[in-house]
Amino acid sequence: MKFEVFFDGDCPLCLKEINLLKYLDRKNGHIRFTDIAAPGFDPVAETGLTMDTLMAEIYGRLPDGELVTGMEVFRQLWGAVGLGFLFAPTNWPLLRPIFDRIYSGFAKNRLRLTGR
C-alpha cells in the first residue's frame, strides 16, 4: 500500500514540491498523488472531508486509511522517498510544536502568499 497525498494542483508552490517528490518517487511508487483541484475530484467521497477543509492545510492518508495532516504529511512524504532525515527534526519533542505552528501559519496564508 502507498502513502497518499492530497495536494492543490492549482498552487504553484505546492506543485514545485509535488513535482520534485514525483521525480524522486518515480522508480519506487511509494506515494499516490491526488490532485484535489482536478476536475471530478469529490472530496467527501474520497476523504470524508469538505473541500474547504482540504484547502485549509495539506492532508495525507496512511496505508491503513488513517488521515494525517500538516507536518506529518511532509514527514511521511520525504520518508517515502528516502529523505526522511531532512524532516526528522520536525518530530523532535522540543521542536515539533514550533514546526507545527510555522506550518499552520503558512497554511493559513498559502493562497495569499502564492498570489491566489
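Because the structure is a prediction, the values reported are computed rather than measured.

Participant: Just give me the short version of helix α1 (residues 12-24), but keep the residues and values in it.
Facilitator: Its 13 residues give α1 an end-to-end C-alpha distance of 19 Å, which sits within 8% of 18 Å, the value for a rise of 1.5 Å per residue. Among the residues of α1, those classed as buried are C14, I18 and L21. The buried residues of α1 occupy an angular sector of 60 degrees when projected down its axis, which confines them to one face.

Participant: Requested: an account of the packing of aromatic side chains, with residues and values cited.
Facilitator: This structure, assessed with the given rule, holds 5 aromatic pairs. Centre to centre, the rings of F74 and Y103 are 5.5 Å apart; their planes meet at 65 degrees, and the pair counts as edge-to-face. Placement of F74 in helix α4 (residues 71-80) and of Y103 in helix α5 (residues 96-113) is noted, with a sequence separation of 29 residues between them. Here Y103 falls in the buried class, since its relative accessible area comes to 10%. Taken together, the aromatic side chains of F74, W78, F87, Y103 and F106 make up a single cluster linked through ring pairs. One cation-aromatic arrangement involves K22 over F33; the distance from NZ or CZ to the ring centre is 5.6 Å. Taking NZ or CZ as reference, R26 lies 3.9 Å from the ring centre of Y23, over its face.

Calculation criteria
- Residues numbered from 1 in each chain as written.
- Predicted model: local features only at pLDDT ≥ 70, side-chain atom pairs only at ≥ 80, totals over all residues.
- Heavy atoms only, no water.
- Helix = DSSP H or I, 4+ residues; strand = E, 2+ residues; numbered from the N terminus.
- Expected span 1.5 Å × (residues − 1).
- Buried < 20%, exposed > 50% of the residue type's maximum accessible area, 1.4 Å probe, protein only.
- Arc of directions from axis to C-beta.
- Phe/Tyr/Trp six-rings, centres within 6.5 Å; stacked < 30°, edge-to-face > 60°.
- Lys NZ or Arg CZ within 6 Å of the ring centre and 35° of its normal.

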